[in-house]
Protein chains: 2
Amino acid sequence: MQIRKRVKSYKSAREFWLSDQDKNQALSLRYTGNLLFEKNSRFQNIKVIDTYAYGKSLIIDNMIMCTEKDEKHYHEMISHPAILAHGKIKNVLVIGGGDGATVREVLKHENIKKVILVEIDENVVEASKLHLPSLSCSFNHPKLELVIEDGVKYIKNITTESYDLIIVDSYDPVGPAKRLFSVDFLRHCRQALTSNGLLVTQGESPFFGQTTFVSLSKCLKKIFGEKKVKTLLFHIPTYPTGVWCFYVASKGKINPAKVNSKKIALFEQNNELDYYNHEVHKAAFALPNYMKKLLDE
Amino acid sequence: MQIRKRVKSYKSAREFWLSDQDKNQALSLRYTGNLLFEKNSRFQNIKVIDTYAYGKSLIIDNMIMCTEKDEKHYHEMISHPAILAHGKIKNVLVIGGGDGATVREVLKHENIKKVILVEIDENVVEASKLHLPSLSCSFNHPKLELVIEDGVKYIKNITTESYDLIIVDSYDPVGPAKRLFSVDFLRHCRQALTSNGLLVTQGESPFFGQTTFVSLSKCLKKIFGEKKVKTLLFHIPTYPTGVWCFYVASKGKINPAKVNSKKIALFEQNNELDYYNHEVHKAAFALPNYMKKLLDE
């Protein structure tokens, strides 16, 4: 009996933490210890864990991709500001985002006719379908086409101005995602946009991945023009440092910071949104001074 | 020789991390391992460490109070929005904030005549004076009076409407700071405000200290009125979850979200600010939907 008791207390005392970190700072989430999913694909290690504070979480190569509790911060902000600022988006291309939550948000806009999701790793889709139903709920939507292919190759094969919106839903520039931050890839994105089209890319954090945060902005400004790239800020507690950004680059005349509040209000009425609203839209483009300085704005 | 080498490599391989955490999430900063300051005062354990990513940092009872690199996010946002929205502030009372950085910001406003800083623990002032000169640089300012006393007692002894602005610069509601979140204390703060005065209090994070985030808002609304309490958001990478808030409660008719942009622009011209500007002022009061829901707004 004595031994059994000891074993039991040892088990319950064990704690499992997942840390997303660089060499000087770390964000850690406690989880149950069970891996709901784990696979080493051709490209990366994919896990689904169950955290105590944020629900189930998709982890790729030890980086927190999303958690059930706060993923909407990211997925609403990567899609709605650009779509509502443009107002006439029909064709959308999403590169990355195999968990399905970005297309779930995009498909809330009824004027959109067709969405193509290009994900390099089918195992990400599989993990999400199996364990993250609230993210992967739109994979059977009639307007969606899922293509399992390298996004870099896919974009190079587009020869016409085909998309009103391209969303690059990538993670940090490591592994297969690295080439989604290259000049060559981003140039091809611009070419594939219609004349008034918008490109939204994941832009890292000014404190975590600062080099990419700065260099991606510079790169986009070279390709689209100095005044054609806006930084969209949001907060997300399960990404290291909690502050994160998307860049919105405009091929034509659309300024993504300017919107018709009434149009957004109507969209808000018809959809249950966790993060985004018309005040948040405008606020997201207000940059603190330190950030303007970093971005030379 | 062999042994010596081994010892050396062991030493250099050791890593020191400071973790600010609750039971399910943690923010960790790597530091040199040297404690620049450590004292167990009557109230709390006070340390100054040297982090790799954020410079020197003041730590109280293992909670990160501030770091040299991002303290201005906090200290500019706890002071400038309220001061510039009011426009006619003469007398200011700061409770807590013994590191000196809040009064450093407050004293940038030339129309202010007198600032009283009431800090319970003189050892916090000492630590900051010794190791954080960029925070403690205003302790000799002629308009400043430093009082080492319990803020709760201090406010109870104020019998007239004396202050245009009261700032409660506290940390999490544990230890001596706990009573700075009580109904009784906050009622006394309201009484000590002039008829158009403003109270700014540290309001925790919607994801870290959520109970306090919600209950403090409710408490302030009861005391000041449902429409008289605004939530001011900002981001700070060295506080767990990265998103943090202040509450601004208004005794009279001033709405702290409304400001004269020209006035702010003039203030910006005359002061080098790291975070705050007129766009950030307005953006700070835009709340995401999940937060409105939490706060019943």
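Residues numbered from 1 in each chain as written. Chains lettered and ligands numbered in written order. Predicted model: local features only at pLDDT ≥ 70, side-chain atom pairs only at ≥ 80, totals over all residues. Heavy atoms only, no water.

A. Fine view of the overall build of chain A. For chain A, the helix and strand inventory stands at 10 helices and 12 strands. A globule of 297 residues ought to have a C-alpha radius of gyration of about 19 Å, and chain A, at 20 Å, matches this closely. Projected onto its principal axes, the C-alpha positions of chain A cover 75 × 45 × 40 Å. Each of the 297 residues in chain A was classed as buried or not, and the buried ones make up 60%. Once local pairs closer than 6 in sequence are excluded, the contacts in chain A between residues at least 24 apart make up 67%. Per element, the accessible surface of chain A, about 12800 Å² overall, is 49% carbon and sulfur. Averaged over its 42 positive side-chain charges, chain A has a centre that lies 3 Å from the centre of its 33 negative ones. (Helix = DSSP H or I, 4+ residues; strand = E, 2+ residues; numbered from the N terminus. Rg over C-alpha atoms; globule rule 2.2 N^0.38 Å. Buried < 20%, exposed > 50% of the residue type's maximum accessible area, 1.4 Å probe, protein only. Contact = heavy atoms within 4.5 Å. Areas by Shrake-Rupley, 256 points an atom, 1.4 Å probe, with all protein chains shown as cover. Lys, Arg positive; Asp, Glu negative; His and termini not counted. Charge placed at Lys NZ, Arg CZ, Asp CG, Glu CD.)

B. Local environment of the packing of aromatic side chains. Tallied over the entire structure, the rule returns 20 aromatic pairs over all chains. Here Phe-207 of chain A and Tyr-54 of chain B contribute two aromatic rings whose centre-to-centre distance is 6.1 Å and whose plane-to-plane angle is 35°, an arrangement assigned as tilted. Pair noted here: Phe-207 of chain A is in the loop between β10 (193–202) and α7 (210–224) and Tyr-54 of chain B is in the loop between β3 (45–51) and β4 (55–60), and the two residues belong to different chains. Both residues of the pair, Phe-207 of chain A and Tyr-54 of chain B, belong to the buried class. With a centroid separation of 4.8 Å and an interplanar angle of 10°, the aromatic rings of Phe-234 of chain B and Phe-246 of chain B are classed as stacked. Of this pair, Phe-234 of chain B sits in strand β11 (residues 229–235) while Phe-246 of chain B sits in strand β12 (residues 243–250), placing them 12 residues apart in sequence. (Phe/Tyr/Trp six-rings, centres within 6.5 Å; stacked < 30°, edge-to-face > 60°.)

C. Main features of a positive patch on the surface. Judged by side-chain charge, Lys-88, Lys-90, Lys-113 and Lys-263 of chain A come together as a positively charged surface patch. Summarising the element assignment, Lys-90 of chain A is placed in the loop between α2 (71–86) and β6 (91–96). (Patch = residues over 30% accessible without salt bridge, like charges linked within 9 Å, V, L, I, M, F, W, Y side chains within 5 Å. Salt bridge = Lys/Arg side-chain N within 4 Å of Asp/Glu carboxyl O.)

D. Expanded view of the pattern of salt bridges. All names here are of chain A. By the definition in use, this model includes 22 salt bridges over all chains. Where Glu-105 meets Lys-108, a salt bridge forms, and the shortest distance between an N and an O atom there is 3.0 Å. Within this structure, Glu-71, Arg-104, Glu-105 and Lys-108 form a network of salt bridges that share partners.

E. The environment of Gln-21 of chain A, seen in detail. With respect to the helices and strands, Gln-21 of chain A occurs in strand β1 (residues 16–21). Residue Gln-21 of chain A is classed as partly exposed on the basis of its relative accessible area, which comes to 43%. Here Gln-21 of chain A is in contact with Ala-26 and Phe-208 of chain A together with Trp-17 of chain B, once residues within four sequence places are set aside.

F. Structural view of the sheet that holds strand β7 (residues 114–119) of chain A. Residue and element names in this part refer to chain A. Strands sit in the order β8-β7-β6-β9-β10-β12-β11 across an open sheet of seven strands; the sheet is mixed. For this open sheet the edge positions go to β8 (144–148) and β11 (229–235), each flanked by a neighbour on one side alone. For this sheet, the mean angle separating the axes of adjacent strands, direction not counted, is 15°. Contacts from α2 reach β9 (163–169), β10, β11 and β12 (243–250) within the one sheet, and its direction differs from that of β9 by about 160°. (Pairing = 2+ DSSP bridges. Axes fitted to C-alpha atoms, helices over the stretch in contact; angles between N-to-C directions.)

G. Up close: the side chain of Lys-251 of chain A. Counting through the fold element by element, Lys-251 of chain A comes out in the loop between β12 and α8 (261–270). Within the structure, the side chain of Lys-251 of chain A is placed 3.0 Å from the side chain of Glu-161 of chain A, a separation counted as a polar contact. (Polar contact = N/O pair within 3.5 Å; in protein donor to acceptor, adjacent residues only side chain to side chain.)

H. How the structure looks around the side chain of Lys-47 of chain B. Residues and elements named next belong to chain B. Tracing the chain through its elements places Lys-47 in strand β3. Relative accessible area serves as the criterion here: at 12%, Lys-47 is assigned to the buried category. There is a polar contact of 3.3 Å between the side chain of Lys-47 and the side chain of Asn-45. Each residue touching Lys-47, except ones within four places of it in the same chain, is listed here: Leu-35, Phe-37, Glu-38, Ser-57, Leu-58, Ile-59 and Asn-62.

I. Quick peek at the relation of the copies chain B and chain A. Each copy of the sequence occupies a distinct position, and chain B is placed on chain A by a rotation of 180° and an axial shift of 0.0 Å, giving an RMSD of 0.0 Å. Both copies of the chain, as the preceding transformation shows, are related through a two-fold rotation axis. Of all interface residues in chain B, 100% are interface residues in chain A too; the two copies therefore contact each other through one and the same surface. (Least-squares fit on C-alpha atoms with pLDDT ≥ 70 in both.)

J. Up close: unusual backbone geometry. A positive phi angle is found at Asp-296 of chain A, which is not glycine, with a value near 60°. In this fold, Asp-296 of chain A is placed in the segment after α10 (289–295). Positive phi is not limited to glycine here, since Thr-241 of chain B has a value of about 80°. Relative to the assigned elements, Thr-241 of chain B resides in the loop between β11 and β12.

K. Highlighting the sheet that holds β12 of chain B. Residue and element names in this part refer to chain B. In spatial order, the strands read β8-β7-β6-β9-β10-β12-β11; together these seven strands make up an open sheet with mixed pairing. Unpaired on one side and paired on the other, β8 (144–148) and β11 mark the two borders of the sheet. Neighbouring strand axes in the sheet, compared pairwise and without regard to direction, differ in orientation by 15° on average. Note: strand β9 (residues 163–169) against strand β10 (residues 193–202), five bridges, orientation parallel. Looking at β10, one finds that Leu-165 is bridged to Leu-198. Across the face of the sheet, helix α2 (residues 71–86) comes into contact with β9, β10, β11 and β12 while running at roughly 160° to β9.

L. Structural detail: the confidence of the model for chain A. All names here are of chain A. When the pLDDT values of chain A are averaged, the result is 94; 96% of them are 70 or greater. Between residues 1–12, whose pLDDT stays under 50, and residues either more than four places distant or in other chains, the model counts zero contacts. Scoring the predicted complex yields pTM 0.94 and, for the interface, ipTM 0.93. (pLDDT = per-residue confidence, 0-100.)

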